Amino acid sequence: MITMVLGTDMAFHFESVGTFKNRVGGSGFDPKVAEDRTFVLKLGLHCADISNPVKPPVISKQWTDRVMEEFYQQGDKERALGMPISPFYDREKDGIQNVGKCQIGFIDFIIKPLYEVWAAHFPECSHCLDYLSQNRQYWSDGMDEDKKVTSPR
């Protein structure tokens, strides 16, 4: 159980994605090998842990609001302690465009590479890439000056 939870740590994200990609493109995984099973299960739990952008847009937007509120609460504490406020954690400065930048960066650099390789190995998850594209478009549209996008409540 501890191994599974530790597998969700973002410190291991890029290494895990790289290993998975190399194994999927090479020798693959043997479900009879405990180490292979553990690795795939850890990565699956990691996928679930950061899955907000691959959910249907209405659900994803609600969870984005929740996550951003958590970030803002941390920023409030940082402000109260006289500390520098972490990027994207300043509720007084960050508007919908900064939320959009945060989401697009998360999608482009974290979620998309992970889910592309995950869906290649588990095609039954390929619908996640469709939702990912829809959610990225939502945030991209919100960053266009001509299009007014408000975060749902």
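Rules of the game
Residues numbered from 1 in each chain as written. Predicted model: local features only at pLDDT ≥ 70, side-chain atom pairs only at ≥ 80, totals over all residues. Heavy atoms only, no water. Helix = DSSP H or I, 4+ residues; strand = E, 2+ residues; numbered from the N terminus. Buried < 20%, exposed > 50% of the residue type's maximum accessible area, 1.4 Å probe, protein only. Contact = heavy atoms within 4.5 Å. Areas by Shrake-Rupley, 256 points an atom, 1.4 Å probe, with all protein chains shown as cover. Lys, Arg positive; Asp, Glu negative; His and termini not counted. Charge placed at Lys NZ, Arg CZ, Asp CG, Glu CD. Phe/Tyr/Trp six-rings, centres within 6.5 Å; stacked < 30°, edge-to-face > 60°. Lys NZ or Arg CZ within 6 Å of the ring centre and 35° of its normal. Salt bridge = Lys/Arg side-chain N within 4 Å of Asp/Glu carboxyl O.

Asker: What is the right way to read the overall build of the protein from this model?
Answerer: When helices and strands are counted, the protein shows 6 helices and 0 strands. Counting from the amino terminus, helix and strand elements in the protein follow one another as α-α-α-α-α-α. Judged by the C-alpha coordinates and their principal axes, the protein covers about 50 × 40 × 20 Å. A buried classification covers 35% of the 153 residues belonging to the protein. Put simply, of all contacts in the protein between residues at least 6 apart along the chain, 62% involve residues at least 24 apart. Of the roughly 9500 Å² that the protein leaves accessible, carbon and sulfur atoms contribute 57%. Taking the average place of the 18 positive charges on the side chains of the protein and the average place of its 22 negative ones, the gap between the two points comes to 2 Å.

Asker: Is there a simple way to explain the packing of aromatic side chains in this structure?
Answerer: Two aromatic rings are characterised by how far apart their centres lie and by the angle between their planes. A full pass over the atoms with the stated rule returns 7 aromatic pairs. Here Phe20 and Phe29 contribute two aromatic rings whose centre-to-centre distance is 5.2 Å and whose plane-to-plane angle is 25°, an arrangement assigned as stacked. Taking the relative accessible area as the measure of exposure, Phe20 reaches 0% and is therefore buried. Taken together, a centroid distance of 4.5 Å and an interplanar angle of 45° make the contact between Trp118 and Phe122 tilted. A relative accessible area of 10% means that Trp118 is categorised as buried. Here the aromatic residues Phe20, Phe29, Phe39, Trp118 and Phe122 are joined through ring pairs into a cluster of three or more. A cation over an aromatic ring shows up here: Arg66 above the ring of Trp63, its NZ or CZ 4.8 Å from the ring centre.

Asker: Help me understand the pattern of salt bridges in this model?
Answerer: Under the defined criterion, the tally for this structure stands at 8 salt bridges. Across the pair Glu69 and Arg91 runs a salt bridge whose closest N-O atoms are separated by 3.0 Å. Here the residue Glu69 occupies a position in helix H4 (residues 57-80), and Arg91 occupies one in the loop between H4 and helix H5 (96-121), the gap between them amounting to 22 residues. On the accessibility criterion, Arg91 (33% relative accessible area) is partly exposed.

Asker: Looking at this model, I keep getting lost on the side chain of Thr64. Mind explaining?
Answerer: For Thr64, the location among the structural elements is in helix H4. Classification of Thr64 by relative accessible area gives buried; the value is 1%. Apart from residues lying up to four places away in sequence, Thr64 is in contact with Asn52, Val99, Gln103 and Trp139.

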